[in-house]
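Per-entry structural report
Residue strings, one per chain:
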Amino acid sequence: MNITINYHPLSGPMSDGMKKINGLHDQHTADGAGGPPPLPEKLPPEIPSGISVRESAVAGVPCLAVDAGGSKPNAFLYIHGGGFMFDSAKEGLHILIRAAELYHVDGFSVDYTLMPNAFYPTQLEECAAVYQQLIADGYKNIVVSGFSAGANLALALGFYCMQHKLPLPKGIAAISPPLDFTDFIKPETPDYLSGDNGLGAVYANGADLHDPCISSFFADFNGYPNLLLVAGTGESLITSCKRLTGRLLREKTDCQVTLSIWESMKHGFVLDSCFYPEAEPARDYVLQTMYQWLPQN
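Residues numbered from 1 in each chain as written. Predicted model: local features only at pLDDT ≥ 70, side-chain atom pairs only at ≥ 80, totals over all residues. Heavy atoms only, no water.

Side note on the overall build of the protein chain
Counted only if it meets this: A run of H or I in DSSP becomes a helix once it reaches four residues, and a run of E becomes a strand once it reaches two; helices and strands are each numbered from the N terminus. Each radius of gyration is computed over the set of C-alpha atoms, and the globule rule expresses the reference value as 2.2 Å times the number of residues to the power 0.38. Contacts are assigned to residue pairs that have any heavy atoms within 4.5 Å of one another. Surface accessibility follows the Shrake-Rupley procedure with a 1.4 Å probe radius. Residue values consider only the protein chains on display as shielding. Working convention for charge: Lys and Arg count positive, Asp and Glu count negative, and His plus the chain ends are omitted. Where a charge lies is defined by one atom per residue type: Lys uses NZ, Arg uses CZ, Asp uses CG and Glu uses CD.
Along the backbone of the protein chain there are seven helices and nine strands. Relative to a compact globule of 297 residues, whose C-alpha radius of gyration would be 19 Å, the protein chain shows 18 Å and is just as compact. Of all intrachain contacts in the protein chain linking residues separated by at least 6 positions in sequence, the fraction that spans at least 24 positions is 78%. For the protein chain, the computed accessible surface area is about 12,400 Å², with 52% contributed by carbon and sulfur atoms. Taken together, the 18 basic and 31 acidic charged side chains of the protein chain have centroids lying 5 Å from each other.

Following this line, the structure appears as structure tokens:
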């Protein structure tokens, strides 16, 4: 077993951009409003020379493919957030284009079916179908990342592969993951997600909320792929990340786990480099960790 916990303090005074975004989060929480705060719209990322983005159907599932011009067999698979109800594969471009730029690794962002058009296990099965098709297409070494609801699905994909005896991803990076839909873990830091206790039940659609593919906090992580949990001290989901890491440490789980904690960061910070520079190190840290999981020739 190897469990690592690292803490990333702010390197200096908070930028105006970060103050603005954090202020929007705090005000939205104070107002008691549901759903995400009214953040500015993210501009599409610039596409560097030598990298292309195209729409692609992988195993019949819509995806955005980022072609880095590199050779197989390595790929990054991204699963977007949005509470299983919002957002799209475009969210993944901010991280996959950066991965292609830094490491020349192809990337795929899944446009799984959103609620209310589908519920569990449809979203997981679509992500699993994309994963299996990428393997069939020659991508033998795949690392998976996801944000928020997408992090929940990324974690579930690992258990899906174990249950169905599929080749495991080389690692899974869960960015601000909801780990517990049973409302067992009470958050230390309230935010706009703190009142969404019913979301898991809606998504599960009658399935057991303790199912490891729904609430991975309750899962057996023995034999699981390399795992990176990422959370900010300013978001509610950090509580369950710390609780899970503590449980795995006590149980001497054989999974390789890293908990990466980022000072003052709110939900979504890894994808917020277009709003404030403090998010850039977190984004690049996640990508570097994922790249290091891949076999180095």
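Remarks on the sheet that holds strand 4 (residues 74–79)
Stated precisely, the cut-off is as follows: Two strands qualify as a pair provided that DSSP identifies no fewer than 2 bridges between them. Under this scheme, a helix contributes an axis fitted over its contacting stretch, all axes are lines through C-alpha atoms, and angles between N-to-C directions fall in the 0 to 180 degree range.
Spatial strand order, 1-9-8-7-6-4-5-3-2: nine strands in an open sheet with mixed pairing. With partners counted over all chains shown, the strands left at the sheet margins are strand 1 (2–8) and strand 2 (52–58), one partner each. Sheet twist, expressed as the mean angle between neighbouring strand axes with direction ignored, is 20 degrees. Pairing between strand 2 and strand 3 (residues 61–67): seven bridges, direction antiparallel. Residue pairing for strand 3: Ser-56 is matched across the bridge by Cys-63. The sheet contacts of helix 4 (residues 149–163) involve strand 4, strand 6 (141–147), strand 7 (171–175) and strand 8 (226–232), and relative to strand 6 the element is tilted by about 145 degrees.

Side note on helix 7 (residues 279–293)
This is how it is decided: Helix span is expected to be 1.5 Å times the residue number reduced by one. Exposure categories follow from relative accessible area, calculated using a 1.4 Å probe and restricted to protein chains: below 20% of the type maximum is buried, above 50% is exposed, and the middle band is partly exposed.
With 15 residues, helix 7 should reach 21 Å at 1.5 Å per residue; the first-to-last C-alpha distance of 22 Å fits that figure. Within helix 7, burial applies to Ala-279, Ala-282, Arg-283, Tyr-285, Val-286, Leu-287, Thr-289, Met-290 and Trp-293.

Observations concerning the packing of helix 3 (residues 122–136) against helix 4
Rules: Relative orientations are named as follows: roughly parallel for angles under 35 degrees, roughly antiparallel for angles over 145 degrees, roughly perpendicular for angles from 65 to 115 degrees, and oblique for any other angle. A clockwise turn of the near helix away from the far one marks a right-handed crossing, whereas an anticlockwise turn of less than a right angle marks a left-handed crossing.
Orientation of helix 3 relative to helix 4, taken along the N-to-C sense of each, is 65 degrees, at an axis distance of 10 Å. If you check the angle between helix 3 and helix 4, you find them roughly perpendicular. Note on packing geometry: the crossing formed by helix 3 with helix 4 is right-handed. Side by side, helix 3 and helix 4 meet where Gln-123, Leu-124, Cys-127, Ala-128, Tyr-131 and Gln-132 of the first sit next to Leu-153, Ala-156, Leu-157, Tyr-160 and Cys-161 of the second.

As for the packing of aromatic side chains
The condition is simple: To pair, rings of Phe, Tyr and Trp, with the six-membered ring standing in for Trp, must have centres within 6.5 Å; the planes then decide the type, stacked if under 30 degrees apart, edge-to-face if over 60, and tilted in the middle. Comment: the charge-over-ring label is applied if NZ (Lys) or CZ (Arg) is within 6 Å of the ring centre and within 35 degrees of the ring normal.
With the rule as written, the count across this model stands at 12 aromatic pairs. Between Phe-108 and Tyr-139, the ring centres sit 5.5 Å apart and the planes meet at 75 degrees, which makes this aromatic pair edge-to-face. Within this pair, whereas Phe-108 is found in strand 5 (residues 106–110), its partner Tyr-139 is found in the loop between helix 3 and strand 6, the two being separated by 31 residues in sequence. Taking the relative accessible area as the measure of exposure, Tyr-139 reaches 6% and is therefore buried. In this structure an aromatic cluster arises from ring pairing among Phe-84, Tyr-120, Phe-181 and Tyr-203. Lying over the aromatic face of Phe-217, Arg-247 brings its terminal NZ or CZ to 5.4 Å of the ring centre.

Here's the deal with the pattern of salt bridges
Selection criterion: Salt bridges, as used here, are contacts in which a Lys or Arg side-chain nitrogen is within 4 Å of a carboxyl oxygen on Asp or Glu.
For the structure on display, the rule yields nine salt bridges. Sharing partners across several salt bridges, the network here consists of Arg-98, Glu-101, Arg-283 and Asp-284.

Here's the deal with the pairing of strand 9 (residues 256–262)
For the record, the criterion: Viewed with both strands pointing away, a crossover whose connecting path from the first strand over the helix to the second turns clockwise is right-handed.
Burial within strand 9 is extensive, with six of its seven residues counted as buried. Here seven bridges tie strand 1 to strand 9, and the two strands are oriented parallel to one another. Counterpart to Asn-6 in the pairing with strand 9 is Ser-260. With six bridges joining them, strand 8 and strand 9 adopt parallel strand pairing. Directly across from Gly-232, in strand 9, lies its bridge partner Trp-262. Tracing the backbone out of strand 8, into helix 6 (residues 238–250) and back to the parallel element strand 9 gives a crossover that is right-handed.

Some details on the nonpolar core
Worth spelling out the cut-off: In plain words, nonpolar cores are sets of buried Ala, Val, Leu, Ile, Met, Phe, Trp, Tyr and Cys residues tied together by side-chain atoms within 4.5 Å.
Counting residues in each nonpolar core, the largest one holds 59 residues, and the members touching the most others are Leu-77, Ile-142 and Phe-221. For this core, the leading source of residues is helix 4, giving 10 residues. The contact partners of Leu-77, leaving out residues within four places of it in the chain, are Phe-108, Val-110, Val-130, Tyr-131, Leu-134, Ile-142, Val-143, Val-144, Ser-145 and Leu-157. Ile-95, Ile-175, Leu-228 and Tyr-285 belong to the second largest nonpolar core, which has 38 residues in total.

A word on the pairing of strand 8
Along strand 8, six of the seven residues are buried, which leaves the element largely enclosed by surrounding structure. Strand direction decides the pairing type here: strand 7 and strand 8, joined by five bridges, are parallel. Across the sheet, the residue bridging to Ala-174 is Leu-229, located in strand 8.

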